[in-house]
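# Remarks on the overall topology
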Protein chains: 4
Amino acid sequence: MAGSILGTIFRVSTWGESHGAAVGAVIDGCPAGLPLSEEDIQEYLDRRKPGKSKFTTARNEADRVRILSGVFEGKTEGSPISLIVENTDQRSKDYSNIAEIYRPGHADFTFDKKYGFRDYRGGGRSSARETIGRVAAGAVAAKLLAGLDVEIEAYAKSIGPFTVPDDAVDIRFSRENPLCLADRETYEKASEYVSRLIEEKDSAGGVVECRINGIPAGIGEPVFDKLDAELAKAMLSIGAVKGFEIGDGFEASASKGSLNNDSFISENGVIGKATNHSGGTLGGISDGSPVIFRAAFKPTPSIAQTQHTVNRNGEHTDINISGRHDPLVVPRAVVVVETMAALTVADLMLRNLSSQYTLIKDFYMNK
Amino acid sequence: MAGSILGTIFRVSTWGESHGAAVGAVIDGCPAGLPLSEEDIQEYLDRRKPGKSKFTTARNEADRVRILSGVFEGKTEGSPISLIVENTDQRSKDYSNIAEIYRPGHADFTFDKKYGFRDYRGGGRSSARETIGRVAAGAVAAKLLAGLDVEIEAYAKSIGPFTVPDDAVDIRFSRENPLCLADRETYEKASEYVSRLIEEKDSAGGVVECRINGIPAGIGEPVFDKLDAELAKAMLSIGAVKGFEIGDGFEASASKGSLNNDSFISENGVIGKATNHSGGTLGGISDGSPVIFRAAFKPTPSIAQTQHTVNRNGEHTDINISGRHDPLVVPRAVVVVETMAALTVADLMLRNLSSQYTLIKDFYMNK
Amino acid sequence: MAGSILGTIFRVSTWGESHGAAVGAVIDGCPAGLPLSEEDIQEYLDRRKPGKSKFTTARNEADRVRILSGVFEGKTEGSPISLIVENTDQRSKDYSNIAEIYRPGHADFTFDKKYGFRDYRGGGRSSARETIGRVAAGAVAAKLLAGLDVEIEAYAKSIGPFTVPDDAVDIRFSRENPLCLADRETYEKASEYVSRLIEEKDSAGGVVECRINGIPAGIGEPVFDKLDAELAKAMLSIGAVKGFEIGDGFEASASKGSLNNDSFISENGVIGKATNHSGGTLGGISDGSPVIFRAAFKPTPSIAQTQHTVNRNGEHTDINISGRHDPLVVPRAVVVVETMAALTVADLMLRNLSSQYTLIKDFYMNK
Amino acid sequence: MAGSILGTIFRVSTWGESHGAAVGAVIDGCPAGLPLSEEDIQEYLDRRKPGKSKFTTARNEADRVRILSGVFEGKTEGSPISLIVENTDQRSKDYSNIAEIYRPGHADFTFDKKYGFRDYRGGGRSSARETIGRVAAGAVAAKLLAGLDVEIEAYAKSIGPFTVPDDAVDIRFSRENPLCLADRETYEKASEYVSRLIEEKDSAGGVVECRINGIPAGIGEPVFDKLDAELAKAMLSIGAVKGFEIGDGFEASASKGSLNNDSFISENGVIGKATNHSGGTLGGISDGSPVIFRAAFKPTPSIAQTQHTVNRNGEHTDINISGRHDPLVVPRAVVVVETMAALTVADLMLRNLSSQYTLIKDFYMNK
């Protein structure tokens, strides 16, 4: 397994290079009977589509998904769901000049070291186009979770040095502005900042925050496959992500136990927590509070400034990257974060079905 | 799989509760012919052992490891390596009062929700004692890596609000002070701070930083099983870890592409990088620079102050946790971070053996 | 994981229903640098294609494979290889009458019990068309193995009650007759037998034998993932296979140790065996002799005779299966056996790369 | 993973060499709340224990199992269950003479080729003692299945050339005779036969048949992880097994569709089959009939006759195997077959929990 398969029960295998014929994903382990249409998936793909504002690449892909298998009469069959999106606007020639040169901040060098050669067209397998498979599969997971009343929402928390204050988060607004920032005031500052970076042929990073509402207590496996551990892997598996934190995260490390512990409370017999410093998990298992985590994205490495680098032969050279690239990945990454979270939670909720013997007994003996 | 197995080729299965007969690990997939003794493992276990300073619990365990299988005449055989450490100082009675009460910041509540009941003695499976299996297995991974010239060193970067400046990191010093802080000046402030917290019956968090030196370029799998993704999972799988970042991490998200990109340089035909903002990976694959990452630990949830909480029946109650607990986990967590990193890197280095067809051909055809 | 993924390193995910848009497979873990073309794969698919003789179904599919990803400039890239074959001749209407009826010997009933409903068109996921994904992926494995001098050849050993004597096996002849039988005399008898069955609207079973030549000693993992165990799983995973044996197989169970043991011999320092009762494995690991195994196929369950059965409501009814079906599956199954064996051996040969520490040290330290 | 881990959800990791300190197993994924005692496991281990008749080795092991983790107050906790059996009667000296010699029919040669060296004491990891871990873990699976009304019973169907007729199978009798044969008349002939072989310093093989009663329809995953495929792997993973068949098995391959198809019938609304040629599966999924399969065991390779072989240096030599060995493995293998079947079915029954969306919805929404 060379790393393109994720999950234990709800298992996704993604495939496709930036400039190949198509990209896609196969889901093995989606339960039978889930209502599913191409539109359910298209809705998510449309949110990651380029070409929507000055903040995103001019590459113009229709990115229409087709379901090739696993759905019959509008419902999943229990068999693998094959999803495909054709690559239609490839312009391979744009990339020919970088075939021999290692772009700073990209995986050109490391792919060459690992495999002996690489598909240099648009980043090949390490292109952001690879996320189409994730988003398409994750849309199916999100549909499954929606039926279980679990809802996942992500938005930009920071762009460059501008951060939305915790008490100003407005998720609806994040769906209406091209930076996906969850606060108008922050958006205005960040928008000006990014515009300036575009003029300077530079790029910005940012932080995406994600909330998982409705997740029942008990999800996540102790020890290695904790809910937060699987989320951290899912996030760091997204190209450009350099950090992950859950709940108070790094701030918690500077706090005290007396402040950081969340008191348990009880209302009408339902146990909850007075605060949510933990971000919705205890011991790696969901505690019934919303799960809240953040992923930090580095600035887009492709910038139009001249950069110093080397070629395959180790000779120094300069590079001007002229392809179509986003000045920041965060706006299009929001839906990637959401769908990767959906894949993670769906898999752990299916794994959790076998946690209690008496419930299994109920399942089989009353059937 | 309920989450206690890690790895694809170098695969570790840990087991054991805080107050059971023993804790341990089984490694399946360690190559044959690696010289290995109990002392190789004991050295690592001794570094996580409690009872060494006022900053760690008074629980007194010998924590002697025994190798029950997989080693013959001083070398690994290729068969599973079974490691066991007996629990000798259990004092189960200390915990009887919390059988029905949910401790804030602990997994009592979530285990009950997941499994219907729990082993309340000392946290059961979610006890820090669970890390013995990780450390023992990770010591074997570290031995394997040492033979491949890969060296992993972790140390405390922060304790509470006190952080070692990047240019002051002194790893040797970190091995000589009970807080494992990598700078004398920071240590003195933090030591005073923690002493005060102990008096206040409170606890501290901190950040552990880890450097992996000598890792060749090409390690890590693209897409889901990136080196950084697997490290993130490994770190977040450690109880009390709430955040992970690699290289500049969250700071990178506020930077610009022109500053954050590491230029490639070449010296005597060897390609390297002028800076290391990326923390040693590009596209999820090691780039030949040192891998540098950080894990954020929350403050120990067990504090001797009276805390408000609820019991199993949802009735409000107060709790005073009187067991033996560390006022901070960081000093003992340093070796856990190191060994979890070792498990991660060892597995990915074995997975990398099958990356290139011509090398496989060499392996089989010249044999 | 719902069972459509196979392998540990060379990992295949197949997908597709008989009457969906297409069928296919994704390979994750094929080493980079293997020369690969669509023709390499097409050659294998052509061997399983229907419509070639009176002994196979009249369904007429072009079954042209396309490689959608993972190959660049004629070589595998190390990224997932996505293979697709479109379904062009579906005639869904043929099957509408069996939507509510359980065909004897088919998976209609068990799919309904498992999933609550099923794609009744042509068997859906349990159709023999599912094997296209196996054959396409296995062709890639076979190409990889060919480069390592491992060659796999299967042929029909029996059709109905007619069996090729061990000393008459002629593999070349098996490629020239429509029953794939490895002996002319047996072919003539079997051919007449099957013709009579066709007239009687009945069907035949048979045994496929497979030889793996050139497999080096040392392949296969002890305990659960033995070479023979993985082969057995691979074979029984093929629809219609009811038995597996390696070497002398069931006959060995009636033999004596003194007769069944293969003596080791040595010629010019090379250790071999005087006989090969074991079929090329000892302790689940290849011993350097040819691996020889057999898979028993039941008669095709789809027969044009009237059969008694029940419908979904448990009401008794008769059924006449009128679709296009093979009177025996063996001729088209030969290439399925070969390619499933190739997938199994390729995966175990990649797994074996990490067996010896000193070889791993060579790999990394001399690089 | 070097092959000592089995299962997807109910996952077992076994460990231990014949002459190491102990052998054992770790189960990760056993549901919480299953009543479990050491006696539940001991009962199964006692059935595989040597030293009970002239037909089994004189090695005398107490083989007492201890549960080291995962059970609290008599019930499984959901955490890994660690099982250990100490090796007490090792007599390593018996084996010193074979350190350099390759025993015919054993894995000495193949282990050397794979790993570069081997633990020559009593077969090391490839000893029949390795099955203790399987039986101990399988006893837990059997306990789980018993609670779901699934019962597994194996017995000797053949010893050497003597086979119990299908209509004479008497399972109760098989528990009362030292050959575990399911028919008195066959037992008497076989007993005499084996006695003669012992005198001749020779050994016998045999066939173990296994019935799984009460398994509900719907168990097993289509395509690769079919119920019969997983059973085949489980059986062939047992040392000395050379063949597997389910239902009519190899005989089916000589039959006709009209005879081999099982008609569906309906009684009081419950759908069943008029016959059971299929052995309880259709399309790899259980069909509600008893699952019936057979495993063929080769004759014990360790015989006291002088045998020709070679040593590590490729020099010809003779060998007289003088250790303690069974003249046939079948009687002790019966419980190994049973427990391996239990592991297989338990895992697939847990996997099946996620097959239907509406049932998952019930699980989470009504909770």
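All values derive from a computational prediction rather than experimental measurement. (Residues numbered from 1 in each chain as written. Chains lettered and ligands numbered in written order. Predicted model: local features only at pLDDT ≥ 70, side-chain atom pairs only at ≥ 80, totals over all residues. Heavy atoms only, no water.)

## Focus on the overall build of chain A
The test is simple: The helix count covers DSSP runs of H or I at least four residues long, the strand count covers runs of E at least two residues long, and both are numbered beginning at the N terminus. Atoms counted for the radius of gyration: C-alpha only. Globule rule: 2.2 Å times the number of residues to the power 0.38. For each residue, the accessible area found with a 1.4 Å probe, counting protein chains only, is set against the maximum for its type, and the residue is called buried under 20%, exposed over 50%, and partly exposed in between. The criterion used for residue contact is that any of the two residues' heavy atoms lie within 4.5 Å. Here the open area of atoms and residues is found with the Shrake-Rupley method and a 1.4 Å probe, where only the protein chains shown may cover a residue. Lys and Arg are tallied as positive, Asp and Glu as negative. Neither His nor the chain termini are counted. Where a charge sits is defined by one atom per residue type, namely NZ (Lys), CZ (Arg), CG (Asp) or CD (Glu).
Looking only at helices and strands, chain A has ten helices and 18 strands in total. Relative to the globule expectation of 21 Å for 367 residues, the C-alpha radius of gyration of chain A, 22 Å, shows essentially globular dimensions. Seen along its three principal axes, the alpha-carbon backbone of chain A occupies a region of about 65 × 50 × 35 Å. Buried positions account for 69% of the 367 residues belonging to chain A. If you take every contact in chain A between residues at least 6 apart in sequence, the share linking residues at least 24 apart comes to 69%. As displayed, chain A offers around 11,400 Å² of accessible surface, 46% of which is attributable to carbon and sulfur atoms. Charged side chains in chain A number 42 positive and 50 negative. The centres of these two groups are separated by 4 Å.

## Let's talk about the interface of chain C and chain B
The condition is simple: Each of two parts loses accessible area, computed with a 1.4 Å probe, when they are put together; buried area is these two losses added. Between Lys or Arg on one side and Asp or Glu on the other, a salt bridge is scored when a side-chain nitrogen of the former is within 4 Å of a carboxyl oxygen of the latter. Pairs of N or O atoms are called polar contacts if they sit within 3.5 Å, as long as, within protein, a hydrogen donor faces a hydrogen acceptor (for residues adjacent in sequence, only side-chain-to-side-chain pairs). Following the grouping adopted for this structure description, the nonpolar residues are Ala, Val, Leu, Ile, Met, Phe, Trp, Tyr, Cys and Pro, the charged ones are Asp, Glu, Lys and Arg, and the polar ones are all others, Gly among them.
With 27 residues of chain C at the contact, the number on the chain B side is 27 residues. When chain C packs against chain B, the two sides together hide about 2,600 Å² of surface, and 71% of this comes from carbon and sulfur. Interface area lost by chain C to chain B is led by C:Leu353, C:Tyr357 and C:Tyr364, which between them contribute 29%. Taken together, the connections running from chain C to chain B amount to zero salt bridges. Taken together, the connections running from chain C to chain B amount to ten residue pairs in polar contact (both at pLDDT 80 or more). Of all the elements in the fold, those that place two or more residues in the side of chain C that touches chain B are helix 3 (131-147), helix 9 (330-351) and helix 10 (357-365) of chain C. With seven residues, the top contributor of residues to the side of chain C that touches chain B is helix 10 of chain C. For the side of chain C that touches chain B, the residue count by class is 18 nonpolar, six polar and three charged.

## Quick look at the nonpolar core
Most often, soluble globular proteins have nonpolar side chains that are buried together. This is how it is decided: Take the buried residues of types Ala, Val, Leu, Ile, Met, Phe, Trp, Tyr and Cys, join any two whose side-chain atoms come within 4.5 Å, and each joined set is a nonpolar core.
Residues A:Phe293, B:Phe293, C:Phe293 and D:Phe293 are the most contacted members of the largest nonpolar core, which totals 357 residues. Leave out the neighbours within four places in its chain, and A:Phe293 touches A:Val208, A:Glu209, A:Cys210, A:Ile212, A:Leu231, A:Met235, A:Phe244, A:Glu245, A:Ile246, A:Val337 and A:Ala341.

## A short note on the relation of the copies chain B and chain A
The cut-off we apply is this: Least-squares superposition aligns the copies on the C-alpha atoms of those residues with pLDDT at or above 70 in both.
For the match of chain B to chain A, the screw axis carries a shift of 0.0 Å, the RMSD comes to 0.0 Å, and the turn is 180°. These values place the two chain copies in the arrangement generated by a two-fold rotation axis. A symmetric contact is evident, with 100% of the interface residues of chain B recurring at the interface of chain A.

## Things to note about the packing of helix 1 (residues 38-48) of chain D against helix 9 (residues 330-351) of chain D
All names here are of chain D. This is how the line gets drawn: Lines fitted to the C-alpha atoms define the axes, with helices restricted to the stretch that makes contact. Angles between their N-to-C directions range from 0 to 180 degrees. An angle below 35 degrees is treated as roughly parallel, one above 145 as roughly antiparallel, one from 65 to 115 as roughly perpendicular, and anything else as oblique.
Put simply, helix 1 and helix 9 touch, their axes get as near as 7 Å, and they point 140° apart. Here helix 1 is positioned oblique relative to helix 9, judged by the angle of their axes. In this structure, helix 1 contributes Tyr44, Arg47 and Arg48 to the contact, and helix 9 contributes Arg332, Val334, Val335, Glu338 and Thr339. The residue inventory of the contact of helix 1 with helix 9, partitioned by class, reads three nonpolar, one polar and four charged.

## A short note on the layout of surface pockets
Operational definition: Cavity and pocket criteria rest on a 1 Å grid covering protein atoms alone: a 1.4 Å probe that fits but cannot get out defines a cavity, protein on both sides within 12 Å along at least 5 of 7 lines defines an open pocket, and an atom within 4 Å of a point defines a lining residue. Grid points are joined across faces, edges and corners, and a volume is the space filled by probe spheres set on the points.
Considered as a void within the structure, the largest pocket measures approximately 1,100 Å³ in volume. The wall of the largest pocket is formed by 41 residues, among which C:Glu245, C:Phe250, D:Glu245, D:Phe250 and D:Glu251 lie closest to the centre. Looking at the lining of the largest pocket residue by residue, the class counts come to ten nonpolar, 15 polar and 16 charged. Considered as a void within the structure, the second largest pocket measures approximately 980 Å³ in volume.

## A few points about helix 2 (residues 108-115) of chain D
Since the α-helix packs 3.6 residues into each turn, any two residues three or four apart lie on the same face. Of all eight residues making up helix 2 of chain D, seven are buried, and the element is well covered by its neighbours. Of all the positions in helix 2 of chain D, only D:Asp108, D:Phe109, D:Thr110, D:Phe111, D:Asp112, D:Lys114 and D:Tyr115 are classed as buried. Check the buried side of helix 2 of chain D and you find it contacts strand 12 (264-267), strand 13 (270-273), strand 14 (281-282) and strand 15 (285-286) of chain C. D:Gly116 occupies a position one or two residues after helix 2 of chain D and carries a positive phi of about 90°.

## Topic: the packing of helix 6 (residues 227-236) of chain D against helix 9 of chain D
Residues and elements named next belong to chain D. To keep things clear, this is the line we draw: With the far helix as reference, a near helix turned anticlockwise by less than a right angle produces a left-handed crossing, and one turned clockwise produces a right-handed crossing.
At their nearest, the axes of helix 6 and helix 9 sit 9 Å apart, and the two run at 145° to each other. The two elements helix 6 and helix 9 cross, and the hand of that crossing is right-handed. Residue-level contacts link Leu227, Glu230, Leu231, Ala234 and Met235 of helix 6 to Val337, Met340, Ala341, Thr344, Val345, Leu348 and Arg351 of helix 9.

## A short note on unusual backbone geometry
Working note: non-glycine residues mostly have negative phi, and peptide bonds are mostly trans. The backbone phi angle of A:Ala240 is positive, close to 85°, even though this residue is not glycine. Structurally, the position occupied by A:Ala240 is in the loop between helix 6 (227-236) and strand 11 (241-246). In this structure, D:Lys201 is a non-glycine residue whose phi angle is positive, near 55°. Along the polypeptide, D:Lys201 turns up in the loop between helix 5 (184-199) and strand 10 (206-213). For D:Lys201, a relative accessible area of 46% translates into the label partly exposed.

## What about the interface of chain B and chain A?
The condition is simple: A pair of strands counts as paired when DSSP detects no fewer than two bridges linking them.
Of the residues lining the interface, 106 residues belong to chain B; the matching set on chain A comes to 106 residues. Buried surface at the junction of chain B and chain A, both sides included, amounts to about 8,000 Å², of which 62% is carbon and sulfur. Contact with chain A buries surface across chain B, with B:Lys114, B:Phe224 and B:Lys242 losing the most and accounting together for 11% of the total. Linking chain B with chain A are six salt bridges. Between A:Lys233 and B:Glu230 there is a salt bridge, with the nearest N and O atoms lying 3.1 Å from each other. At the boundary of chain B and chain A, one finds 43 residue pairs in polar contact (both at pLDDT 80 or more). Partitioned by chemical class, the residues of the side of chain B that touches chain A number 42 nonpolar, 41 polar and 23 charged. In this structure, strand 11 of chain A lies alongside strand 11 (residues 241-246) of chain B, joined through three bridges in antiparallel fashion.

## Observations concerning the side chain of A:Asp112
Residue and element names in this part refer to chain A. Looking at the element boundaries, aspartate 112 is found in helix 2 (residues 108-115). When its relative accessible area of 7% is taken as the criterion, aspartate 112 is described as buried. A polar side-chain atom of aspartate 112 sits 3.4 Å from a polar atom in the side chain of arginine 118.

## Considerations on the sheet that holds strand 8 (residues 151-159) of chain B
Spatially, 9(A)-8(A)-10(A)-16(A)-11(A)-11(B)-16(B)-10(B)-8(B)-9(B) is the arrangement adopted by the ten strands of the open sheet, whose pairing is antiparallel. Where the open sheet ends on each side, the last strands, each with one partner, are strand 9 (162-163) of chain A together with strand 9 (162-163) of chain B. As judged from the seven bridges shared by strand 10 (residues 206-213) of chain B and strand 16 (residues 291-297) of chain B, these two strands associate in the antiparallel manner. Bridging across to strand 16 of chain B, B:Ile212 finds its partner in B:Val291. The strands that helix 6 (residues 227-236) of chain B touches are strand 11 of chain A together with strand 10, strand 11 and strand 16 of chain B; relative to strand 11 of chain B, the one it contacts most, it runs at about 160°. In this fold helix 9 (residues 330-351) of chain B packs onto strand 8, strand 10 and strand 16 of chain B, with an angle of close to 145° to the strand it touches most, strand 8 of chain B.

## Digging into helix 9 of chain D
Note the following rule: Here the expected length of a helix is defined as 1.5 Å per residue gap, with one fewer gap than residues.
Spanning 22 residues, helix 9 of chain D covers 31 Å between terminal C-alpha atoms, matching the ideal 32 Å at 1.5 Å per step. Of all 22 residues that make up helix 9 of chain D, 22 are buried, and the element is covered over most of its length.

## Topic: the packing of aromatic side chains
Short version of the rule: Pairing of aromatic rings covers Phe, Tyr and the six-membered ring of Trp, with a centre-to-centre limit of 6.5 Å; geometry is then stacked below 30 degrees between planes, edge-to-face above 60, and tilted otherwise. Only lysine NZ and arginine CZ atoms are considered, and such an atom sits over a ring when it is within 6 Å of the ring centre and within 35 degrees of the ring normal.
Counting across every chain of the model gives 38 aromatic pairs over all chains. Seen from their ring centres, B:Phe173 and B:Tyr187 are 6.1 Å apart, and the 70° between their planes marks the pair as edge-to-face. Placement of the pair is B:Phe173 in helix 4 (residues 171-174) and B:Tyr187 in helix 5 (residues 184-199), with a sequence separation of 14 residues. There is no split in this pair, since B:Phe173 and B:Tyr187 are both buried. Its guanidinium or amino end placed over the ring of C:Tyr115, C:Lys114 lies 5.9 Å from that ring's centre, counting from NZ or CZ.

## Overview of the pattern of salt bridges
Under the counting rule described, the total for this entry stands at 95 salt bridges over all chains. Across the pair D:Glu338 and D:Arg47 runs a salt bridge whose closest N-O atoms are separated by 2.9 Å. Of this pair, D:Glu338 sits in helix 9 while D:Arg47 sits in helix 1; the two residues are 291 residues apart in sequence, bridging distant segments of the chain. D:Glu338 gets classed as buried once you look at its relative accessible area, which sits at 3%. One salt-bridge network, in which partners are shared between bridges, spans A:Arg103, A:Asp108, A:Asp112, A:Arg118 and A:Arg312.

## Some remarks on the environment of C:Leu259
Residues and elements named next belong to chain C. Along the chain, leucine 259 falls in helix 8 (residues 257-260). With a relative accessible area of 54%, leucine 259 lands in the exposed category. Considering only alpha carbons, one finds leucine 259 and phenylalanine 363, 104 residues apart in sequence, at a separation of 43 Å.

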